[in-house]
Amino acid sequence: MVDVMAEIYKQIGDSDYNQDVKDYLDTGLKNLNMIVSGKYDGGWPVGRIIEIYGGPSSGKTLLATRACIETQNKGGLAVFLDFEHAFMLSRAVDLGLNSDPALWIYKQPETAEKGFKMIELIAQTIRAKHPNKFVTVVVDSIASMVTKAEMETEYGDDNMKTRLSLPMCMSVNLKNLNKVVSKTNITLIFLNQTRDNPTVIYGDKETQPGGNATKFFASVRVKLSKTGKIKNPENEKEIIGENVKAMTVKNKVFEPFKDTTYIT
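None of these values were measured; they are calculated from a predicted model. (Residues numbered from 1 in each chain as written. Predicted model: local features only at pLDDT ≥ 70, side-chain atom pairs only at ≥ 80, totals over all residues. Heavy atoms only, no water.)

A. Examining the overall build of the protein more closely. The helix and strand tally for the protein stands at 9 helices and 12 strands. The C-alpha radius of gyration computed for the protein amounts to 20 Å, which stays within 12% of the reference 18 Å derived for 264 residues, consistent with globular compactness. Counting only residues that meet the buried cut, the protein has 42% of its 264 residues in that class. Pairs at least 24 apart in sequence give 66% of the contacts found in the protein among residues at least 6 apart. With an accessible surface of roughly 14800 Å², the protein has 52% of that area assigned to carbon and sulfur atoms. For the protein, the separation between the mean place of its 34 positive charges and that of its 32 negative charges on side chains is 2 Å. (Helix = DSSP H or I, 4+ residues; strand = E, 2+ residues; numbered from the N terminus. Rg over C-alpha atoms; globule rule 2.2 N^0.38 Å. Buried < 20%, exposed > 50% of the residue type's maximum accessible area, 1.4 Å probe, protein only. Contact = heavy atoms within 4.5 Å. Areas by Shrake-Rupley, 256 points an atom, 1.4 Å probe, with all protein chains shown as cover. Lys, Arg positive; Asp, Glu negative; His and termini not counted. Charge placed at Lys NZ, Arg CZ, Asp CG, Glu CD.)

In structure tokens form, the structure reads like this:
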């Protein structure tokens, strides 16, 4: 049997490296770290694709910003692709983000294709020059991405081809990026929104834009839901916070379907 195994390894090469997560990005919340990674001192798994989705103002960008800050604290590069054109740099800096160009890249891609091209360029350059460097790329958000086909379509002339252009774009590009991300310390975080699917009569009507590619390639998918506002006890008309529930609807690095609550 030893001779047989020696011949197999001679033909196919040694086993690839262990796929265990080597490092994590602190979410800033110990209980969220636990449900994502199974460790209070863990967090988002480095070298994986992550999707954070939820309704408006549920704290998606805040979690992504904290991931960027944690990346910089590890000496890494934070990249933010803002398709929503709504990012507030001053607020992020107040939270601890370093806007030095050596540590921070902010872009507003016109199309989904241009955004993926930027990610591919950054990933390939880092892999060739600094394969151990921590890099976090945030895409905000899938729901706001516009493809080249959609940009070139006149108002009212959309068809099934243009409607499927984003899911097709996501599928092709994530298939390629997944190979690069898994072999580096690049963490790719997609933010997404929840939408109601009117075609569903029975069961869960909730859906997320962009097709199924992110659902398939993401190692961790976290759903955020607002569960109630926090009022100032001295003035009930003043809202001072929001209760948020986080659930891991998919998790390949720890047990899935764990949930926790926190205050934003």
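B. Fine view of the packing of aromatic side chains. Taken as a whole and judged by the stated rule, the model has 8 aromatic pairs. When the centroid spacing of 6.4 Å and the interplanar angle of 20° are considered together, the rings of Trp104 and Tyr106 count as stacked. According to the relative accessible area criterion, Trp104 is buried, its value standing at 8%. Note on Tyr106: relative accessible area 29%, which makes it partly exposed. Aromatic side chains Phe116 and Phe190 sit 6.3 Å apart centroid to centroid with 45° between the ring planes, which places their arrangement in the tilted category. Of the two residues, Phe116 sits in helix α5 (residues 112-129) while Phe190 sits in strand β7 (residues 186-193), which places them 74 residues apart along the sequence. According to the relative accessible area criterion, Phe190 is buried, its value standing at 0%. Of the aromatic side chains, those joined through ring pairs into one cluster are Phe80, Phe87, Trp104 and Tyr106. The lysine or arginine in question, Lys74, covers the ring of Phe134, its NZ or CZ lying 5.5 Å from the ring centre. (Phe/Tyr/Trp six-rings, centres within 6.5 Å; stacked < 30°, edge-to-face > 60°. Lys NZ or Arg CZ within 6 Å of the ring centre and 35° of its normal.)

C. Representation of a nonpolar patch on the surface within the structure. Where nonpolar side chains cluster on the molecular surface, the patch consists of Met1, Val4, Met5, Ile8, Tyr9 and Ile12 and spans about 600 Å² of accessible area. With respect to the helices, strands and loops of the structure, Ile12 is situated in helix α1 (residues 2-12). Classification of Ile12 by relative accessible area gives exposed; the value is 64%. (Patch = residues over 30% accessible without salt bridge, like charges linked within 9 Å, V, L, I, M, F, W, Y side chains within 5 Å. Salt bridge = Lys/Arg side-chain N within 4 Å of Asp/Glu carboxyl O.)

D. Structural detail: a positive patch on the surface. Residues Arg127, Lys175, Lys179 and Lys183 make up a contiguous surface patch of positive charge. In this structure, Arg127 sits in helix α5.

E. Expanded view of the pattern of salt bridges. Scanning all chains against the criterion turns up 5 salt bridges. Note that Glu242 is salt-bridged to Lys229, the shortest N-O span being 3.4 Å. You can see Glu242 sitting in strand β11 (residues 235-251) and its partner Lys229 sitting in strand β10 (residues 220-232), a full 13 residues away along the chain. Here Glu242 falls in the buried class, since its relative accessible area comes to 13%.

F. The arrangement of the side chain of Arg221 in detail. Along the chain, the position of Arg221 falls in strand β10. Residue classification places Arg221 among the buried positions, given a relative accessible area of 8%. Here the side chain of Arg221 touches Glu51 through a polar contact of 2.6 Å, side chain to side chain. When residues no more than four places from it in sequence are discounted, the contact partners of Arg221 are Glu51, Tyr53, Gln208, Thr214, Lys215, Met247, Thr248, Val249 and Lys250. (Polar contact = N/O pair within 3.5 Å; in protein donor to acceptor, adjacent residues only side chain to side chain.)

G. How the structure looks around helix α2 (residues 30-37). Along α2, the positions that sit buried rather than exposed are Leu32, Asn33, Ile35, Val36 and Ser37. Contacts made by the buried residues of α2 are with β1 (24-25), β2 (44-45), α3 (60-73), β10, β11 and β12 (259-263). At the exit of α2 stands Gly38, carrying a positive phi of roughly 80°.

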